[in-house]
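Single-letter residue listing:
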Amino acid sequence: MLALMKQAGLEVDVLTLQGGDVWPQGLANRLYRTTRLPFTRHLPPYGSGLRRGWATALLTLTAIRLQLTHSYDAIHCADRAIRAAAFVARLFGTRFLFEWNTESGHDLIRWLKRRSARFRHTANLVFSDVPYPLSRLREVGFCGRVATLAALPAPCIQRLPLPSVRLRGETQPFHVTALAFTPHFTDLNALLEALPNLLSLPNLHLTLAGGTPDAAEKLRTRLTKRFPPSGAWDVRPAPEGPLECMAYLTAADLVFLPAVHGALPPPILLDAMAAQRALLATQCPAYETLLTPQNAMLIHGGAAAIETAIRRHMLSPLLCAEHAEAAAETISRERNASALAAVLRSCYALALTSPRV
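Engineer: Sorry, what's going on with the pairing of strand 5 (residues 123–128) here?
Structural biologist: Every other side chain in a regular strand lies on the same face of the sheet, so the side chains alternate between the two faces. Across the six residues that make up strand 5, a large majority, six, are buried. In this structure, strand 4 (residues 95–100) lies alongside strand 5, joined through five bridges in parallel fashion. The partner of Phe-96 across the bridge, within strand 5, is Ala-123. As paired elements, strand 5 and strand 6 (residues 146–148) share three bridges and run parallel to each other. By the bridge assignment for strand 6, Ser-128 is matched with Thr-148. The parallel pair strand 5 and strand 6 is bridged by helix 6 (residues 134–139), and the resulting crossover is right-handed.

Quick look at the structure:
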């Protein structure tokens, strides 16, 4: 969102918790932090509790101080700051915009119904990652105040050189990176079942990435008992941020993605496509919005299907290169940052000319 706002020509100050997320340099005009508050590090974006109450109170007080010393046209917030931002917006009569992400586990319309009429009136515009039908928006009087912005690849992701042509098939080194979405690698069970046959291929190098550091270490220990360390496999925790994700993708000829719940493509799919990597994915609605037989290989899952698909990629001279190039072209066409920045600017122009709260 910050990259889009910058591309749209908007000037943005960011207020965040001390000890919170690391912000990319150059995307905001100024970065402000609250004073340090104990126990707020790694505060999850959703939920409730004493820590969140402390953080909300501190964020509100700091936002009030900034409002008293600066002139802002709007307050734009993400999920965890909605309460603080809405209060400050009402207090100063500033236009209020917020982002809604389906990963919160809540439905926007049902959530808005539980909010007070005063809160619903305060919100000038909501940016959602999924579209909502007009009939549902009418239920809460939000027609014309919800804009859908599809997610983009991380700004730091760069298009990598195409995977090499495989004229020598299985005799060439082949690097597969499998990315787990569950904290304990359970969504890679089918791949783990295929591991004995896959590791019999002399030039296959397999990296399992995902989960927590503890889960990664436990899986490494478990696999070491079955497969002595030989450089043919490795286990790593989930990448911390887009830069580490880019490092994982750089080393891969083929990226394997297990199925995910929901209809939205996960960020790692967008990043892998933008990085021009070949994709092997378990068929599910979240992938089918962007992946086709022309830019990826979709399978129904199961150890045998995974093993067959990886062997096919190793033996087909141009399959990885063709899929990788087509994937990069698809994401460039379907998730165009310039077009989305123009939409964002139009949304802001509408919100800033609408009546103040």
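Engineer: Can you walk me through the nonpolar core in this structure?
Structural biologist: Phe-185, Leu-191, Leu-208, Leu-223 and Ile-310 are the most contacted members of the largest nonpolar core, which totals 38 residues. The element that contributes the greatest number of residues to this core is helix 13 (residues 303–315), accounting for five residues. In contact with Leu-223, other than residues within four places in its own chain, are Leu-192, Leu-195, Leu-208, Trp-233 and Val-235.

Engineer: Looking at this model, I keep getting lost on the sheet that holds strand 6. Mind explaining?
Structural biologist: Backbone hydrogen bonds are what pair the strands of a sheet, in a parallel or an antiparallel way. Reading across from one edge, 3-4-5-6 is the order of the four strands in this open sheet, with parallel pairing throughout. Strand pairing shows two members of the sheet lacking a second neighbour, strand 3 (74–77) and strand 6, which therefore form its edges. Across the sheet, the mean angle from the axis of one strand to that of its neighbour is 20°, orientation sign disregarded.

Conventions adopted
Residues numbered from 1 in each chain as written. Predicted model: local features only at pLDDT ≥ 70, side-chain atom pairs only at ≥ 80, totals over all residues. Heavy atoms only, no water. Buried < 20%, exposed > 50% of the residue type's maximum accessible area, 1.4 Å probe, protein only. Helix = DSSP H or I, 4+ residues; strand = E, 2+ residues; numbered from the N terminus. Pairing = 2+ DSSP bridges. Right-handed = clockwise from strand over helix to strand, strands pointing away. Core = buried A, V, L, I, M, F, W, Y, C linked by side-chain atoms within 4.5 Å. Contact = heavy atoms within 4.5 Å. Axes fitted to C-alpha atoms, helices over the stretch in contact; angles between N-to-C directions.

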